[in-house]
Amino acid sequence: MDFSYTDEQESFRRELRAWLEENAPDGWLEDPELPDDDAERVEFLRDWQRTLADGGWAGVHWPEEYGGRGASLIEQTIYREEMARINAPPQINLIGINLIAPTLIEVGTEAQKQRFLPKILSAEEIWCQGYSEPEAGSDVASLTTSAEPAGDGEWRIDGQKIWTSYAHVADWCFLVARTDDSGTKHEGLTAFLVEMDQDAISTEPIHQPHDDRTFNQVYFDDAVATDDRVVGEVDQGWDVVMTLSAFEHGSTSIYSIEQRYLDLLEYCRTETRNGTPLIERDRVRQRLADFDARIQAAKAAHRRNVSKQMETGTPGPEGSMDLLVSDELRHDLLNFAVNLRGPAAALWENGHNAFDDTSGYIRSYGAWIAAGTGDIQRNIIGERVLGLPKDDKSKTSHRSE
Amino acid sequence: MDARLTDEHERVQETAREFIESEGGIDLARRQIDGENVVDDLWNELADLDYTAITVPLEYDGFGEGMVYLAALLEVAGRYALPGPLPETAAVAVPLIRDLGTEDQRSRFLPSVADGDLRMSVAVYDDETEPLPGGIRMGAERRGDEGTTEFRLEGTKTLVPYAAETDVVIVAARTREGQGYDGVSLFAVETDHDAVEATRMDSLDWARPMYELSIDGLTVGEDALLGPLHGGGSALVTAMDRFSVAGTAMLVGAADRAVELSVEYGTEREQYGQPIGRFQAVKHRTADMWVDMQSARSLVYYAAWALDEDEPDAARAAAATKAFAADRLHRVFGDDIWNHGGMGFTWDHDAHIYLKQAKSWRNFLGSPEANRDRLIDARLAAERNR
Ligand SMILES: Cc1cc2nc3c(=O)[nH]c(=O)nc-3n(C[C@H](O)[C@H](O)[C@H](O)COP(=O)(O)OP(=O)(O)OC[C@H]3O[C@@H](n4cnc5c(N)ncnc54)[C@H](O)[C@@H]3O)c2cc1C
Ligand SMILES: Cc1cc2nc3c(=O)[nH]c(=O)nc-3n(C[C@H](O)[C@H](O)[C@H](O)COP(=O)(O)OP(=O)(O)OC[C@H]3O[C@@H](n4cnc5c(N)ncnc54)[C@H](O)[C@@H]3O)c2cc1C
């Protein structure tokens, strides 16, 4: 058993760290702050991803032939640690980089890979993921958006998607539609790559509790996709959904949560109440230490999972544990951070740093839902990891299954 | 990095499991609970399997393994709440003698431990309610000159695990006035001495009995002093970290079993015309048990590894392990009782054995609250040095 990194892995870290010192956005290392204005922020993040891509640091886990580094899972872990360490700006095309591209690499055609991968990497084309519908959220396999052949190798798509993150800025949508409704709900689904710039598609941003609009309703009214935009086999879309969800389970946010915790620790060290530093209060120390222990547990568990996956090649349903633990940990931590403000907890802006806590804490409610709710993760653990009897009605329901 | 147990660790676990099963599994603990002493016979068999030699260095007829190896074994032991001072001997006493002992002390004790002829425990507390280090009060008065130095130990140690079933107890005593751990020295005290008497206490966990150890004016020579005079404190702290991690490893094994029991019952037991494990109240509770068990296990492995490698964050990792696991694993056992309904609330169902073990460990050698305090101090120090 060995929890340490090899020299080779450490040199990967040094290389990345040196690159970030040189290439992080101006002033970021001293004072990380995203532009307030929506459009400016999108541009800023596109630029940042392009910079990453030029340096070879956008899709580190992609194979080299597609512009990645073929980074091992352990190197990916180091990558996450280093990005968290500088609170690096997010990649605007994270869905493309982490979920869609790896899926295309695994099940896409060569032509699809050639056409799409480079522009995913450079953020020239931004992607969204069109799964959820008003009547099909956790139970995504019951979706009804339809795609029908319209001759000349074209498909016509009709229906409505909802909560589609980044659809308002996306150029392409990774869409799952029903192509045959004669079988069970998992049969007759097909995955399509759909160009967003068509009159037949309209997006309507949804106002969220943290006063942002990062997800949307998306309406498809005879939208077009051509045959060569089908991913995998027609009517075999559930397999593609499964492939993608494995990548969803393979990513962890525990390292950015750790960084957030260290920021909070620093805050408690320097901030005083009635003349006493917060860190000297027993109540505060106890809570911080509990977060510390939970984070260390999650990190060690992640390393055990990664080690296992290095051998088996696939992330097991244990990924549900990482999602569940991370989402609830982040939520508890940010909630606590807001409480520490004292009466200023009643304010939006409470002046800690660029990642002001109040909206982050509200956002953390969404994170618990977004990749399959905490309840669904508990179902997966109960049923798939532990083998408890399945609920008859929800037998294999969510896309995370 | 490969943060998994090695094939060898897994083989040891498998062998240990087969062996303990063949001896009756958790019935060993039940027999001990019913008042039988199963430790003597069991210990001989553990020695035959070389388990007593695991942490003994190679040059003293041992295997020279560390906490990771031991934790892997103790997980299996914990699954059966295995009686016997294995954590005390292998995780606490042996490493203390290995790290602090003179050549004479090592060759006096270690090969006998490896052979199974010598069992050891550790006596820290003088008071059942006073936390450490304040709870170390016994005085050891120094007499004589250089070369003829002697120490006179006087007082009653309490909460000494298995004192009557062990041959040597490492006793923490104060050789001079001091704050905290300062002035604490460690002595290897043989329990068969006339001046030493072990009295069984009414331990919550009957499978792992605690004793009062009265030491009535025992005079020992310099060869009983383990490590530096007045300066045994820091080694004792590390030893207690090993003890906590070892104890938690046992609880992780028990928690793994509790999850299994809940899954079995959740699958078999039907109410309202369906298996109760289909109700999400039970399913989600069981999923949470598993998550807490896996999290605690991950911390145990990390802390064990960090202790073996002398990593700078070893103490912090041990504190985190105790801080995280103590109450959460305790709850795992309680949840298993609840998942079993009325059956869970019987002597026959194993969860209460684990539950009591978890409660006995909770505050022993430092409560989770005290460990959280240490953890934060260690974290702040590490951040300052970054
Ligand atoms: C911030 C955010 C971003 C998102 N981004 C995207 C995106 O980019 N693309 C996309 O397709 N979707 C996206 N989603 C949608 C997300 O996938 C769904 O919201 C999620 O799967 C839950 O579905 P639902 O909202 O319909 O809730 P429901 O499925 O209706 O759930 C409602 C409640 O019932 C519980 N529940 C449902 N089924 C079960 C069950 N079997 N057992 C126990 N409890 C159950 C849930 O846990 C929840 O508490 C996003 C959501 C959020 C919040
Ligand atoms: C101290 C004590 C005293 C008692 N005294 C008496 C007495 O005097 N007279 C008497 O008749 N009985 C008595 N009982 C029995 C008691 O009423 C039952 O134990 C209790 O009703 C639970 O039933 P069960 O043990 O069969 O558990 P089960 O019903 O099998 O429950 C097992 C688990 O499944 C869960 N579960 C079961 N059904 C559901 C559901 N629909 N939804 C969600 N979860 C579910 C339970 O919460 C529990 O966690 C006593 C029990 C105890 C512990």
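What you are looking at is a predicted structure, and each value in this text was computed from that prediction instead of being measured. Throughout, residues of each chain are indexed from 1 in the direction in which the sequence is written. Chains and ligands are labelled sequentially in the order written, the chains with letters from A and the ligands with numbers from 1. Totals for whole chains, interfaces and linings use all residues, but because this is a predicted model, local features are given only for residues with pLDDT of at least 70 and pairs of side-chain atoms are given and counted only at 80 or more. The side-chain values count all of the structure's non-hydrogen atoms but skip hydrogen atoms and water molecules.

### A short note on the overall build of chain B
- Numbering goes from the N terminus for both helices and strands, where a helix is a DSSP run of H or I of at least four residues and a strand is a run of E of at least two. Along its length, chain B carries 12 helices and 10 strands.
- Over its C-alpha atoms chain B spans a radius of gyration of 21 Å, differing by no more than 12% from the 21 Å that the globule rule assigns to 386 residues.
- Seen through its principal axes, chain B has C-alpha atoms that stretch 80 × 50 × 40 Å.
- Using a 1.4 Å probe on the protein chains alone, a residue whose accessible area is under 20% of its type maximum counts as buried, one over 50% counts as exposed, and one in between counts as partly exposed. Looking at chain B residue by residue over its 386 residues, the buried ones come to 61%.
- Should any heavy atoms of two residues lie within 4.5 Å, those residues are considered in contact. Long-range contacts, defined here as pairs at least 24 residues apart, represent 72% of the contacts in chain B between residues at least 6 apart.
- The Shrake-Rupley method, run with a 1.4 Å probe, gives the accessible areas here. Residue values count only the displayed protein chains as cover. For chain B, the exposed surface amounts to about 15,000 Å²; the carbon and sulfur share of it is 44%.
- Counted charges follow a simple rule, with Lys and Arg positive, Asp and Glu negative, and His plus the chain ends left uncounted. The location of each charge is read from NZ of Lys, CZ of Arg, CG of Asp or CD of Glu. Here chain B carries 38 positive and 71 negative side-chain charges, and the mean point of each set is 8 Å from the other. Both definitions apply: the radius of gyration is a C-alpha atom measure, and the globule rule equals 2.2 Å times residues to the power 0.38.

### Digging into the interface of chain A and chain B
- The interface is formed by 49 residues belonging to chain A together with 46 residues belonging to chain B.
- Summing both partners gives a buried area of about 4,500 Å² for chain A against chain B, and 63% of it is carried by carbon and sulfur.
- A pair is scored as a salt bridge if a Lys or Arg side-chain nitrogen falls within 4 Å of a carboxyl oxygen belonging to Asp or Glu. Connecting chain A to chain B are seven salt bridges.
- In this structure, the salt-bridge partner of E383 of chain A is K283 of chain B, at a minimum N-O distance of 2.6 Å.
- In protein, a polar contact requires one atom able to donate a hydrogen and another able to accept it; more generally it is a pair of N or O atoms within 3.5 Å, and residues adjacent in sequence count only if both atoms are side-chain atoms. If you look at where chain A meets chain B, you find 19 residue pairs in polar contact (both at pLDDT 80 or more).
- Listed by contribution, the elements that provide at least two residues to the side of chain A that touches chain B are α7 (254–270), α8 (282–312), α9 (319–339) and α11 (374–385) of chain A.
- Here the element with the most residues in the side of chain A that touches chain B is α8 of chain A; it accounts for 18 residues.
- Under the grouping applied here, Gly and all other residues not named as nonpolar or charged are polar, the nonpolar ones being Ala, Val, Leu, Ile, Met, Phe, Trp, Tyr, Cys and Pro and the charged ones Asp, Glu, Lys and Arg. Across the side of chain A that touches chain B, the residue classes break down as 22 nonpolar, nine polar and 18 charged. Each of two parts loses accessible area, computed with a 1.4 Å probe, when they are put together; buried area is these two losses added.

### Considering the pattern of salt bridges
All names here are of chain A.
- Scanning all chains against the criterion turns up 58 salt bridges over all chains.
- D332 is the salt-bridge partner of R294, the closest N and O atoms lying 2.9 Å from each other. Here the residue R294 occupies a position in helix α8, and D332 occupies one in helix α9, the gap between them amounting to 38 residues.
- Relative accessible area serves as the criterion here: at 16%, R294 is assigned to the buried category.

### Points about the pairing of strand β2 (residues 146–149) of chain A
Residue and element names in this part refer to chain A.
- Here, strands pair whenever DSSP counts at least two bridges between them. Pairing of β2 with strand β3 (residues 154–165) involves four bridges; the strand directions are antiparallel. Note on β3: the bridge partner recorded for P149 is W155.
- Linking two consecutive strands that pair antiparallel, namely β2 and β3, is a turn of four residues; a positive phi of about 80° is found at G151 within it.

### Quick word on the site of ligand 2
Residues and elements named next belong to chain B.
- Being near a molecule or strand, for a residue, means having at least one of its heavy atoms within 4 Å of it. Lining the immediate surroundings of ligand 2 are 13 residues, of which R269, R285, W338, N339 and G342 lie closest.
- G342 is positioned with one of its backbone polar atoms (N or O) 2.5 Å from an oxygen atom of ligand 2.
- For ligand 2, whose unbound accessible area comes to 960 Å², protein coverage reaches 42%.
- Only α8 (280–308), α9 (314–339) and α10 (341–344) provide two or more residues apiece to the shell around ligand 2.
- Broken down by element, the residue count for the shell around ligand 2 peaks at three residues, all from α8.
- A class-by-class count of the residues in the shell around ligand 2 yields seven nonpolar, four polar and two charged.

### Some thoughts on the nonpolar core
- Nonpolar cores are built from buried Ala, Val, Leu, Ile, Met, Phe, Trp, Tyr and Cys residues. Side-chain atoms within 4.5 Å join them into one set. If you look at the biggest cluster of nonpolar residues, it comprises 146 residues, and the most contacted ones within it are Y261, L264, C268 and L288 of chain A together with V124, L329 and F333 of chain B.
- Among the elements that take part in this core, helix α7 (residues 233–268) of chain B stands out by supplying 16 residues, more than any other.
- When near neighbours in sequence (up to four residues on either side) are disregarded, L329 of chain B contacts T248, L251, V252, A255, D292, M293 and A296 of chain B.
- Among the nonpolar cores identified, the runner-up in size contains 53 residues, and Y5, V60, M83 and F116 of chain A belong to it.

### What about the confidence of the model for chain B?
- Chain-level statistics for chain B give a pLDDT mean of 97 and a share of 100% at 70 or above.
- Scored as a complex, the prediction yields pTM 0.96 and ipTM 0.96. pLDDT expresses how confident the predictor is about each individual residue, on a scale running from 0 to 100.

### Quick word on the UniProt feature "domain: Acyl-CoA dehydrogenase/oxidase N-terminal" (unreviewed entry) in chain A
- UniProt positions are given in the numbering used here, feature names are shortened, and annotations may be inferred rather than shown by experiment. Per the UniProt annotation, the sites labelled "domain: Acyl-CoA dehydrogenase/oxidase N-terminal" (unreviewed entry) are residues 6–124 of chain A.
- The distance from the first to the last C-alpha atom of residues 6–124 of chain A is 36 Å, and the span holds 62% helix and 0% strand.

### Points about the packing of aromatic side chains
- Pairing of aromatic rings covers Phe, Tyr and Trp, the last counted by its six-membered ring, and requires centre-to-centre distances within 6.5 Å; plane angles under 30 degrees mean stacked, over 60 mean edge-to-face, and any other angle means tilted. Overall, the coordinates contain 21 aromatic pairs over all chains when judged by the stated rule.
- Taking 5.5 Å as the distance between ring centres and 40° as the angle between the ring planes, the aromatic pair formed by F333 of chain B and Y354 of chain B counts as tilted. Here F333 of chain B is found in helix α9, whereas its partner Y354 of chain B is found in helix α11 (residues 351–363), with 21 residues between them in sequence. Both residues of the pair, F333 of chain B and Y354 of chain B, belong to the buried class.
- Any Lys NZ or Arg CZ found within 6 Å of a ring centre and within 35 degrees of that ring's normal is scored as a charge over the ring. The cationic tip of R341 of chain A hangs over the ring face of Y267 of chain A; the distance from NZ or CZ to the ring centre is 4.5 Å.
- Between R328 of chain B and the ring centre of F324 of chain B, over which it is positioned, the NZ or CZ distance is 4.3 Å.

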